[in-house]
Amino acid sequence: MRKLLEDLMLRLLRTYSPTGSEELAVEAYVDFLRSVGVNNVEVDDVGNALFTYGTGSKWLLLAGHIDTVEGELPVSYDGKVFRGRGAVDAKGPLVAMTVGALEALKYLDISKCRVTVAALVGEEGRSPGARALIRRGLKPTAIVVGEPSGCDGVVIGYRGSIKLRLVCRGTGGHSSNPEGGISAIEEFISTWLRLKELSKSLNISVGMNYISGGQLFSVIPKLCEGVIDVRVPIGMKLSDIKSKINESLSNYCSYEVIDETPPVKVSVNVSVVRALVRAIIKNGLKPSPAIKLGTSDMNLLVSLTDNIVSYGPGKSELAHTDYEEISIEELELGTKIYKDLILEFFTTNY
């Protein structure tokens, strides 16, 4: 098992695949599967790679993602620790779920079960990979989303998000007389400070991803725009948050929603969560249910079934940083838990 993990992990880490540029990584993933005798691999019209075994009516979808955030990092492996972009988020979980599914195949009656592993594209963007599965109307019995949770983590929920482009306009004028005109940048800052106050009262979070505006010399800025990331707690409606944002805008500012994702939370009693809990216990760990601060494809794929959970080896606090790393021991343990999760799901009556 270790050799398979090392082989696939290094293939994927060495193939830089930021959102929108996943083709070579998908090709490397498919080549690995074929090298270990998996021939029923599909690359769909948006670039997802999927393989399926079994013909049973009870169907488990394992949905990882193969894209990463931007920012290529040096790739290394010293026999103990893998380092590189995506080691944690989320090539590590994808590698573990893939090899775990291959290991589980040795013990399953494929006439009574069906397992699909999906390496999805675009999760760090607008999730075209997950949305393609939804458009196809897939109806799996249960879904496991591959995201770093730590080997003992059972993620049953994520906050929602609203990504908006805030645009503020001013009147211009000479900056030697700043009171003689309306500054788009000052209006942007004013709105931003109101949004920060709003975040405290509503228990949401707002983060600035991008800002641009103004000229270098002597002109009161006519235009300032930026991208703001609003995270929405479980139990709150996106429409209510947008209404409050409208109330916080300067008269010189407006916004458009770039993307939005509702929050998600599932019961700890659904069968796939129970199977994961049992698999973690079987491997000597104490399961730790969690609600994550970010979002994932789980927020979208729950529309296919609420029998869903997110899991994967790796320290989530290293995701999107310049220090992404995961140990071979973490990968091996996560792989065993994925394998046992699959076996528990298909062999235990819940």
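Everything below is about the structure printed above this text.
Quantities reported herein were computed from a predicted structural model and do not represent experimental measurements.

A. Main features of the sheet that holds strand 16 (residues 325–327). Strand order in the open sheet made by the three strands is 4-5-16, with antiparallel pairing throughout. Every interior strand has two partners, whereas the edge strands, strand 4 (76–77) and strand 16, have only one. Direction of pairing for strand 4 relative to strand 5 (residues 81–83): antiparallel, over a ladder of two bridges. Of the residues in strand 5, the one forming a bridge with tyrosine 77 is phenylalanine 82.

B. Inspection of the packing of helix 1 (residues 2–13) against helix 9 (residues 328–347) at higher detail. Where helix 1 meets helix 9, the axes come as close as 10 Å, and the angle between the chain directions of the two elements is 115°. Here helix 1 is positioned roughly perpendicular relative to helix 9, judged by the angle of their axes. Crossing angle aside, the handedness with which helix 1 passes helix 9 is right-handed. Note on element contacts: helix 9 touches helix 1 through Ile328, Glu329, Leu331, Glu332 and Thr335, opposite Arg2, Leu5, Glu6 and Met9. Partitioned by chemical class, the residues of the contact of helix 1 with helix 9 number four nonpolar, one polar and four charged.

C. Structural context of the state of the cysteines. Applying the stated criterion to the full structure yields one disulfide. One disulfide in the model links cysteine 168 with cysteine 253; its S-S distance is 2.0 Å. Across the disulfide from cysteine 168 to cysteine 253, rotation about the S-S bond amounts to roughly 110°, and the bridge is consequently right-handed. With cysteine 168 in strand 9 (residues 160–169) and cysteine 253 in strand 12 (residues 253–261), the pair connects residues that are 85 residues apart, well separated along the chain. Summarising the burial analysis for this pair, cysteine 168 and cysteine 253 share the class buried.

D. Main features of helix 2 (residues 23–35). The first and last C-alpha atoms of helix 2 sit 18 Å apart over 13 residues, in line with the 18 Å expected at 1.5 Å per residue. Regarding helix 2, the residues found buried are Ala25, Val26, Ala28, Tyr29, Val30, Phe32 and Leu33. Just downstream of helix 2 lies glycine 37, where phi reads positive at about 90°.

E. Up close: unusual backbone geometry. Residues aspartate 89 and alanine 90 are joined by a peptide bond in cis, for which omega reads 0°. Not every positive phi belongs to a glycine, and serine 218 is a case in point at roughly 65°. Relative to the elements of secondary structure, serine 218 occurs in the loop between strand 10 (205–213) and strand 11 (223–232). Its identity as a non-glycine residue notwithstanding, histidine 320 has a phi of 70°, on the positive side. Examined against the element boundaries, histidine 320 turns out to sit in the loop between strand 15 (308–312) and strand 16. The exposure class assigned to histidine 320 is partly exposed, which follows from its relative accessible area of 43%.

F. The pattern of salt bridges, seen in detail. For the coordinates displayed, the defined rule picks out 18 salt bridges. One salt bridge in this structure joins lysine 163 and aspartate 229, with 3.9 Å as the shortest N-O distance. Residue lysine 163 is found in strand 9, and its partner aspartate 229 is found in strand 11; the two are separated by 66 residues along the sequence. Since its relative accessible area comes to 24%, lysine 163 is described here as partly exposed. Accessibility expressed as a relative area gives 10% for aspartate 229, which makes it buried. Lysine 315 serves as the salt-bridge partner of glutamate 330, at 3.5 Å between the closest nitrogen and oxygen. Of this pair, glutamate 330 sits in helix 9 while lysine 315 sits in the loop between strand 15 and strand 16, and the two are 15 residues apart along the sequence. According to the relative accessible area criterion, glutamate 330 is buried, its value standing at 16%. Connected via shared salt-bridge partners are Glu42, Asp44 and Arg136.

Definitions and cut-offs
- Residues numbered from 1 in each chain as written.
- Predicted model: local features only at pLDDT ≥ 70, side-chain atom pairs only at ≥ 80, totals over all residues.
- Heavy atoms only, no water.
- Pairing = 2+ DSSP bridges.
- Helix = DSSP H or I, 4+ residues; strand = E, 2+ residues; numbered from the N terminus.
- Axes fitted to C-alpha atoms, helices over the stretch in contact; angles between N-to-C directions.
- Parallel < 35°, antiparallel > 145°, perpendicular 65-115°, else oblique.
- Left-handed = near helix turned anticlockwise from the far one by under 90°.
- Contact = heavy atoms within 4.5 Å.
- Nonpolar A, V, L, I, M, F, W, Y, C, P; charged D, E, K, R; others polar.
- Disulfide = S-S within 2.5 Å.
- Buried < 20%, exposed > 50% of the residue type's maximum accessible area, 1.4 Å probe, protein only.
- Expected span 1.5 Å × (residues − 1).
- Salt bridge = Lys/Arg side-chain N within 4 Å of Asp/Glu carboxyl O.

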